[in-house]
Amino acid sequence: MEAPPVTMMPVTGGTINMMEYLLQGSVLDQSLESLLHRLRGLCDNMEPETFLDHEMVFLLKGQQASPFVLRARRSMDKSGMPWHLRYLGQPEIGDKNRHALVRNCVDIATSDNLTDFLVEMGFRMDHEFVAKGHVFRKGIMKIVVYKIFRILMPGNTDSIEPLSLSYLVELNVVAPAGQDIVSDDMRNFAEQLKPLVHLEKIDPKRLM
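What counts as what
Starting afresh in each chain, residues are numbered from 1 along the sequence in its written order. Note on the predicted model: pLDDT of at least 70 is required for a residue's local features to be given, and 80 or more for side-chain atom pairs to be given and counted; whole-chain, interface and lining totals, by contrast, use all residues. Computation of side-chain values: all heavy atoms of the structure, hydrogens and water removed. UniProt positions are given in the numbering used here, feature names are shortened, and annotations may be inferred rather than shown by experiment. Three exposure classes are used, based on accessible area relative to the maximum for each residue type with a 1.4 Å probe and protein chains only: buried under 20%, partly exposed in between, and exposed over 50%. Only DSSP runs of H or I reaching four residues or more are called helices, and only runs of E reaching two or more are called strands; each is numbered from the N terminus. Between any two strands, at least two bridges found by DSSP are needed for them to pair. The directions considered for the arc are those from the helix axis to the C-beta atoms. Contacts: residue pairs with any heavy atoms within 4.5 Å of one another. Here, a salt bridge means any Lys or Arg side-chain nitrogen found within 4 Å of an Asp or Glu carboxyl oxygen. In plain words, nonpolar cores are sets of buried Ala, Val, Leu, Ile, Met, Phe, Trp, Tyr and Cys residues tied together by side-chain atoms within 4.5 Å. The score called pLDDT rates the predictor's confidence residue by residue, from a low of 0 to a high of 100.

As recorded in an unreviewed UniProt entry, the chain goes by Mediator of RNA polymerase II transcription subunit 18 and comes from Bambusicola thoracicus. Per UniProt, the chain carries the Subcellular location (unreviewed entry) text "Nucleus". Under Subunit (unreviewed entry), UniProt gives the following word-for-word description of the chain: "Component of the Mediator complex."

What follows is the structure, encoded as C-alpha cells:
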C-alpha cells in the first residue's frame, strides 16, 4: 500500500505538533520558467532557495486497517544537515468552505542513524525517491516547486530518472491549530498564479 501524497519540504528546519495547510498543483516542464518568473515577482525572495533531498517512506503494519507511515528525509546537497523524521496525520474533514487541506504535521531533526532505528522498531521501507526543486517564501507561506525522481537501483541516489514530465507545486503554511484564516491568504495567493498553475485542495483519498 502506497502512502498518500505528501509535501516535500526541504530539510531546513522542523516544527513540532503543528497543522499543515496545503494547496497542490502541477506544471509541465516547458512552463516551469514562466512560473518561476511569476513567483520571483510575487514572493519575498526573488531568487529561490534550491534543494535536493532523498526521502524514504517507512510503514509499520499492526492491528489497524491502514499502516502507520513515517518519512525519513536527508539533504543531498547541504553537508552537515540532520536527517528529518516526518509524520503527517489524516486530513481533517472540517468545514467544507475551508480553502486548504488541513492535517497534523510533526517534523523533527534526528541523528544520521534514523533509518536503522526505524528498522529496529519494526518499520519496513516501502519506497524511496529523490526530489529536486525551488523554495519561495511569501510571509508565512512557503511555495515549493519540485520534480520527483525514481531511484532505479535501491539505495543508489546517483541512479535516478524523472518520474514525470511535470513539476509539482505546493503552497504550504505550518501554523498552530485553529488558524484557518491562513487558508484565505493562500487562496488569494493561488489566484495570482493562474492560469500558469491551478492550486487546489486535493483530498489524498481520491488518489488512492
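Our focus in this paragraph is the pairing of strand 1 (residues 18–28). Most of strand 1 sits inside the fold, with 9 of its 11 residues counted as buried. Of the strand pairs in this sheet, strand 1 and strand 9 (residues 166–175) are connected by 10 bridges, and their pairing is antiparallel. Bridging across to strand 9, E20 finds its partner in V174.

Another aspect to go through is helix 1 (residues 32–42). Along helix 1, the positions that sit buried rather than exposed are L32, L35, L36, L39 and L42. One face of helix 1 carries all of its buried residues, which in axial projection span an arc of 125°. Residues of helix 1 that are exposed and point over 90 degrees away from its buried face: E33, H37 and G41. In this fold, the buried residues of helix 1 make contact with strand 1, strand 6 (124–138), strand 7 (141–153), strand 9 and helix 3 (182–192).

Here we come to the pattern of salt bridges. Using the criterion set out here, one finds 12 salt bridges in the structure. The closest approach of N and O atoms between E20 and R86, which form a salt bridge, is 3.2 Å. Note that E20 is positioned in strand 1 and R86 in strand 4 (residues 83–88), a separation of 66 residues in sequence. By relative accessible area, R86 is classed as buried at 3%. Between D29 and K147 there is a salt bridge, with its nearest N and O atoms 3.0 Å apart. Of this pair, D29 sits in the loop between strand 1 and helix 1 while K147 is found in strand 7, placing the two residues 118 residues apart along the sequence. A residue is classified by how much of its surface remains accessible, and K147, at 6% relative accessible area, is buried. A single network of salt bridges, built from pairs that share partners, joins E20, R73, R86, R103 and D107.

Moving on, we come to the nonpolar core. Judged by nonpolar contacts, the single largest core of 28 residues is most densely connected at Y21, L39, L171 and F189. Not counting residues up to four positions away in its chain, the partners in contact with L171 are Y21, L22, L23, M141, K142, I143, M186, F189, A190 and L199.

Next up on the list: helix 3. Among the residues making up helix 3, those that are buried are V182, S183, M186, F189 and A190. Relative to the axis of helix 3, the buried residues are bounded by an arc of 120° and lie together on one face.

Here we take up the confidence of the model for the chain. Looking at the chain as a whole, the pLDDT averages 88, with 88% of positions reaching at least 70. Note that residues 1–6 has pLDDT below 50 and, in this model, 26 contacts with residues that lie over four places away or in other chains.

This paragraph deals with the pairing of strand 6. Across 11 bridges, the pairing between strand 2 (residues 49–60) and strand 6 is antiparallel. Considered in strand 6, the bridge of L52 is made with K132. Pairing between strand 6 and strand 7: 10 bridges, direction antiparallel. Directly across from V135, in strand 7, lies its bridge partner V144.

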